[in-house]
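Residues per chain are reported as follows:
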Amino acid sequence: MNTSFFQQKFSEYYAKHRDSINVPEARSREYGAGVNGKIDFRHVSFPSNDALRDFLIQDAPLYASYSAARYERPAAKPMPNKGFVSADLVFDLDKTYAEEHPEKHGAAFCPHCLERARQDAARFYDEFLLKDYGFGKSDVAINFSGSKGYHFHIRTPAVQQLSSAARKELCDYAGALEVSPEKLVTKQAGALVGPSAASSGWSKKVFNYAQQFALTADTQAWRAMGAGSRTAKHAAQNNAELASRLERGDWSWKNLEKSFTALATEAIRKTRVELDAPVTFDLSRLIRIPNTLHGDSCLTAKVLQSLDAFAPDKDAVAFRGAIEVTPNKTLALEFGGTTFELEDGKTKELPLAAGLLLLRKGYAVLVGL
Ligand SMILES: [Zn+2]
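Now for a description of the structure that goes with this document. (Residues numbered from 1 in each chain as written. Predicted model: local features only at pLDDT ≥ 70, side-chain atom pairs only at ≥ 80, totals over all residues. Heavy atoms only, no water.)

Turning to the packing of helix H1 (residues 4-16) against helix H2 (residues 49-59), a few remarks are in order. Where H1 contacts H2, the axes come no closer than 7 Å and their chain directions differ by 150°. Considering the angle they form, H1 stands roughly antiparallel to H2. The crossing of H1 and H2 is left-handed. Facing H1, whose interface residues are Gln7, Ser11, Tyr14 and Ala15, H2 presents Leu56, Ile57 and Asp59. (Axes fitted to C-alpha atoms, helices over the stretch in contact; angles between N-to-C directions. Helix = DSSP H or I, 4+ residues; strand = E, 2+ residues; numbered from the N terminus. Parallel < 35°, antiparallel > 145°, perpendicular 65-115°, else oblique. Left-handed = near helix turned anticlockwise from the far one by under 90°. Contact = heavy atoms within 4.5 Å.)

Right, let's get into empty space enclosed by the protein. Within this structure, the stated rule accounts for two cavities of 30 Å³ or more. Space inside the largest cavity adds up to approximately 70 Å³. In terms of lining residues, the largest cavity is bounded by Ala68, Asp88, Val90, Arg167, Val279, Thr280, Asp282, Leu283, Arg285, Leu286 and Ile287. For the lining of the largest cavity, the residue count by class is six nonpolar, one polar and four charged. (1 Å grid on protein atoms, 1.4 Å probe; cavity = no way out; pocket = protein on both sides within 12 Å on 5 of 7 lines; lining within 4 Å. Points joined across faces, edges and corners; volume = space filled by probe spheres on them. Nonpolar A, V, L, I, M, F, W, Y, C, P; charged D, E, K, R; others polar.)

It is worth spelling out the coordination of the zinc ion at this point. Here the zinc ion is held by His101 (NE2), His105 (ND1), Cys110 (SG) and Cys113 (SG), and the distances to it run 2.1 to 2.3 Å. Bound by four donor atoms, the zinc ion shows angles of 102 to 121° at the metal and therefore tetrahedral coordination geometry. Site description for the zinc ion: donor spacing in sequence, H-x3-H-x4-C-x2-C. A relative accessible area of 33% places His105 in the partly exposed class. Given the relative accessible area of 10%, Cys113 is considered buried. (Donors = N, O, S within 2.8 Å, 3.2 Å for Na, K, Ca; no water. Tetrahedral: all angles 85-135°; square planar, octahedral: opposite > 155°, others 65-115°. Buried < 20%, exposed > 50% of the residue type's maximum accessible area, 1.4 Å probe, protein only.)

Here we take up unusual backbone geometry. The omega torsion across Lys77 and Pro78 is -5°, close enough to zero to call that bond cis. Following the sequence through the fold, Pro78 ends up in the loop between strand E4 (69-71) and strand E5 (84-87). Even without a glycine there, the phi angle at His43 is positive, about 60°. Structurally, His43 is set in strand E2 (residues 41-44). For Ala176, which is not glycine, the phi dihedral falls at a positive 60°.

Before going further, it helps to spend a moment on the layout of surface pockets. Roughly 340 Å³ of internal volume is contained in the largest pocket. In terms of residue count, strand E11 (residues 286-288) provides more of the lining of the largest pocket than any other element does, three residues in total. Grouping the constituent residues of the lining of the largest pocket by class yields four nonpolar, five polar and seven charged. For the second largest pocket, the calculated volume is near 300 Å³. Along its surface, the second largest pocket is lined by 18 residues, and Ala108, Cys110, Ser147, Lys148 and Lys361 are the ones closest to its centre. Classifying every residue of the lining of the second largest pocket by side-chain character gives nine nonpolar, six polar and three charged.

Before going further, it helps to examine the sheet that holds strand E12 (residues 303-304). With respect to topology, four strands assemble into an open sheet ordered E6-E8-E7-E12, the strand pairing being antiparallel. The open sheet terminates on both sides in strands that have one partner only, identified here as strand E6 (89-93) and E12. Its contacts with the sheet put helix H3 (residues 111-132) on E6, strand E7 (140-144) and strand E8 (150-154), and the angle it makes with E8 is roughly 25°. (Pairing = 2+ DSSP bridges.)

What follows is the structure, given as structure tokens:
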């Protein structure tokens, strides 16, 4: 693909939004950048944010990353020669959700996947970062990844010397790798004892889910959890009593043993958050520089004050205007609240952001090329 057209656009963007690029302690970071790939080269350093901004404007890479780690000699190589000083704690949510909505999944761009990613990111932020890990709101910087998900950067002194193993544990915890229904609900003296209102950590999460389910489930919902028809009806009719028992950690309800296991399994599955763990525990990894452009989408890896109601195809759009492109596939593109019906070989005018995205993803060519 001819990249100079895009690099020209990126350069103009960086010139116009120069001050939006602001890496904390910029001079101690390692940088990597790419035009053909995400990282064509790395082991580069800049003496200041100003020098980094100049580089983005002049060289206009399509992808720009930096190290969560700080080094004494960030440009030195191999890695051990850099002189590790400390590292921010970063998390990356990068999951795809196509299997949840195959009928409306967009191949070139999918607002439905992005909305699911936003929901999971918000859940990770509230349930894990704030509640379980105990970070304050001001400790956590959030940005859209520019592609499929979200990045969290924690730059407080307390996390700087965390080992790689400790960072991995945080990911494993969010992913519920060590959690199982059998460990949470156990038989004690003939009774089933499980998570209660007084529980903490994963036990509390499963309790919250089960409690909510018990309060609202009808006969059909209990049937779906594997309960027999009479048991399901009984549980649904006595939901307040059932919920109050769960509150005390009493999971002994006649004939519901298997349903409770199914319920705990579902609670774990729906509450866990899948992170791209190597981004967190591999201290030599580079991660996208917040507020830079992502070369796959031409969207901004935008720094966010809040995850509420953020829609990348509206709020992370970097380029305004219109462009004519010729699709090389027949497809529907949902972007910015509009669905564009594209026909193979039929030139169409699109919003510039949507057109650039199609071009970069190989679904269209520029008119005249
Ligand atoms: Zn999708």
